[in-house]
Amino acid sequence: MASGTIRYWAAAKAAAGIAEEPYAEATLAEALSAARARHPGELDRVLLRCSFLIDGDPVGTRAHETVRLAEGGTVEVLPPFAGG
């Protein structure tokens, strides 16, 4: 298990009600599942449309279960937005 920071942007930030929070999970799938549990409701819907950066690298189409998180890492949660 690794620990680091999840940063929410735009609609994800609004849905979570916070800009960032810690994670303590081994994979992106586990971290997102824990985030959904902490912030039930709108965040689940928003996460379905988001892109993710792990320590600055795009996740792309990789299965979230296969994306390992690093100790001290950062997960950026990027919803689609107009003009971007």
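Remember, predicted model here, so these are calculated numbers, not experimental data.

The rules behind each value
- Residues numbered from 1 in each chain as written.
- Predicted model: local features only at pLDDT ≥ 70, side-chain atom pairs only at ≥ 80, totals over all residues.
- Heavy atoms only, no water.
- Salt bridge = Lys/Arg side-chain N within 4 Å of Asp/Glu carboxyl O.
- Helix = DSSP H or I, 4+ residues; strand = E, 2+ residues; numbered from the N terminus.
- Buried < 20%, exposed > 50% of the residue type's maximum accessible area, 1.4 Å probe, protein only.

Undergrad: Describe the pattern of salt bridges, naming the residues involved and giving the relevant values.
TA: Summed over the entire model, instances satisfying the criterion amount to five salt bridges. As a salt-bridge pair, glutamate 20 and arginine 7 come within 3.4 Å of each other at their nearest N and O atoms. Of the two residues, glutamate 20 is situated in strand β2 (residues 20-23) and arginine 7 in strand β1 (residues 4-8); the sequence distance between them amounts to 13 residues. Classification of arginine 7 as partly exposed rests on a relative accessible area of 32%. Among the ionic pairs, arginine 7 bridges to glutamate 76, the shortest N-O distance being 3.2 Å. Of this pair, arginine 7 sits in strand β1 while glutamate 76 is found in strand β5 (residues 74-78), placing the two residues 69 residues apart along the sequence. We classify glutamate 76 as buried; its relative accessible area is 13%. Beyond isolated ion pairs, a larger network of salt bridges with shared partners links Arg7, Glu20 and Glu76.

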